[in-house]
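Summary of structural features
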Amino acid sequence: TTNISDDPAGYKAVDTASTPIGDMTDSATLDKTTLAPLTREVKQGPVTVNVQFAANKATGSRSTNGQEKPIAVDLGGPLFADGAGSLNVIGCLPLAEGYTTSFRNFDVQKQQEKLLALKVAGAETVKSPAGSFDAWKVVVTPTDGTSGVMTVWIEKSSRKPVRFEAIMPDM
């Protein structure tokens, strides 16, 4: 589930998920103008990651079973569609047939930036218990040729995500 609310510090996005390796909460504060992440907190099992993003740097800490390690990473530029609420942020792009772009994320596991390529792979009708949706099929892949792919279907009229699939070999 994703919940997005207005907060004095920015938009607050919280994603919660049940995964084969346990329940996970990912929360982010997004800049109200650019939608770039300002802060991010990930909690799953014994792991908690707290990171702040400013001046093309990621700083914070990662705690595993109470053992804390600092995070201090120089980024090549601002982040986009990273962490909680990222699928909704993708829906804010000018999606259209053939649209492509690239953007930067921060890999909290590897503690490094990751460049991603986004491509609108076409339009599809997505059916679910909530109904049928006319959607853009958006595919996101790493630009460095590593494995992993994320596909999200963004409803054309509301610009909200209506379906999501991901292959994450690192998980």
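Being a predicted model, the structure only gives us computed values, none of them experimental.

So, the nonpolar core
Of all hydrophobic cores here, the largest spans 23 residues; its most connected members are Ile90, Leu95, Phe103, Leu118, Val138 and Val140. For this core, the secondary-structure elements that each account for two or more residues are strand 3 (22-30), helix 1 (86-90), strand 9 (112-128), strand 10 (131-142) and strand 11 (149-155). With near-sequence residues (within four places) excluded, Val140 lies in contact with Ile90, Phe103, Leu116, Ala117, Leu118, Val149 and Met150. Judged by nonpolar contacts, the second largest core, of twelve residues, contains Val42, Ala58, Leu75 and Phe106.

Looking at the pairing of strand 9
The pairing of strand 8 (residues 100-107) with strand 9 spans eight bridges and is classified as antiparallel. Counterpart to Ser102 in the pairing with strand 9 is Ala117. In textbook terms, the turn of a hairpin is the stretch between consecutive antiparallel strands, and for strand 8 and strand 9 this stretch comprises four residues, one of which, Gln111, has a positive phi near 55 degrees. With twelve bridges joining them, strand 9 and strand 10 adopt antiparallel strand pairing. Among the inter-strand pairings, Thr125 is bridged to a residue of strand 10, identified as Asp134. Here strand 9 folds back onto strand 10 in antiparallel fashion, the turn holding two residues.

A closer look at the sheet that holds strand 4 (residues 37-44)
Ordered by their spatial adjacency, seven strands build an open sheet running 1-2-3-4-5-6-7, and the pairing between neighbours is antiparallel. Since the sheet does not close on itself, it has two edges, and those belong to strand 1 (2-7) and strand 7 (67-74), each with one partner. Between one strand axis and the next, the sheet turns through 10 degrees on average, direction left out of account. Inspection of the sheet shows strand 5 (residues 47-54) paired to strand 6 (residues 57-64) by eight bridges, in the antiparallel sense. Counted as the bridge partner of Thr48 is Ser63 from strand 6.

Things to note about the pattern of salt bridges
If you walk through the whole model with that rule in mind, you get eight salt bridges. With its nearest N and O atoms 2.9 Å apart, the salt bridge here joins Glu113 to Arg104. Judged by its relative accessible area of 29%, Glu113 is partly exposed. Accessibility expressed as a relative area gives 17% for Arg104, which makes it buried. A salt bridge links Arg163 to Glu165, with the shortest nitrogen-to-oxygen separation between them at 2.3 Å. The exposure class assigned to Glu165 is partly exposed, which follows from its relative accessible area of 35%. One network of salt bridges, in which partners are shared, links Asp26, Arg40 and Asp82.

A closer look at the packing of aromatic side chains
According to the stated counting rule, one finds two aromatic pairs in the structure shown. With a centroid separation of 5.9 Å and 70 degrees between ring planes, the pair formed by Phe53 and Phe106 is classed as edge-to-face. Taken as a pair, Phe53 in strand 5 and Phe106 in strand 8 lie far apart in primary sequence, 53 residues in all. For the pair Phe53 and Phe106, one class covers both residues: buried. Where Phe80 meets Phe103, the ring centres are 5.8 Å apart and the plane angle is 75 degrees; that geometry is what we call edge-to-face. Taken together, the residues Phe80 in the loop between strand 7 and helix 1 and Phe103 in strand 8 connect sequence positions 23 residues apart. When sorted by exposure, Phe80 lands in the same class as Phe103, which is buried. The aromatic ring of Tyr11 is capped on one face by Lys32, whose charged end is 5.7 Å from the ring centroid. The side chain of Lys156 reaches across the aromatic face of Trp136, ending 4.2 Å from its centre.

Cut-offs used in this document
- Residues numbered from 1 in each chain as written.
- Predicted model: local features only at pLDDT ≥ 70, side-chain atom pairs only at ≥ 80, totals over all residues.
- Heavy atoms only, no water.
- Core = buried A, V, L, I, M, F, W, Y, C linked by side-chain atoms within 4.5 Å.
- Buried < 20%, exposed > 50% of the residue type's maximum accessible area, 1.4 Å probe, protein only.
- Helix = DSSP H or I, 4+ residues; strand = E, 2+ residues; numbered from the N terminus.
- Contact = heavy atoms within 4.5 Å.
- Pairing = 2+ DSSP bridges.
- Axes fitted to C-alpha atoms, helices over the stretch in contact; angles between N-to-C directions.
- Salt bridge = Lys/Arg side-chain N within 4 Å of Asp/Glu carboxyl O.
- Phe/Tyr/Trp six-rings, centres within 6.5 Å; stacked < 30°, edge-to-face > 60°.
- Lys NZ or Arg CZ within 6 Å of the ring centre and 35° of its normal.

Purely spatial values, then, with no claim about function.
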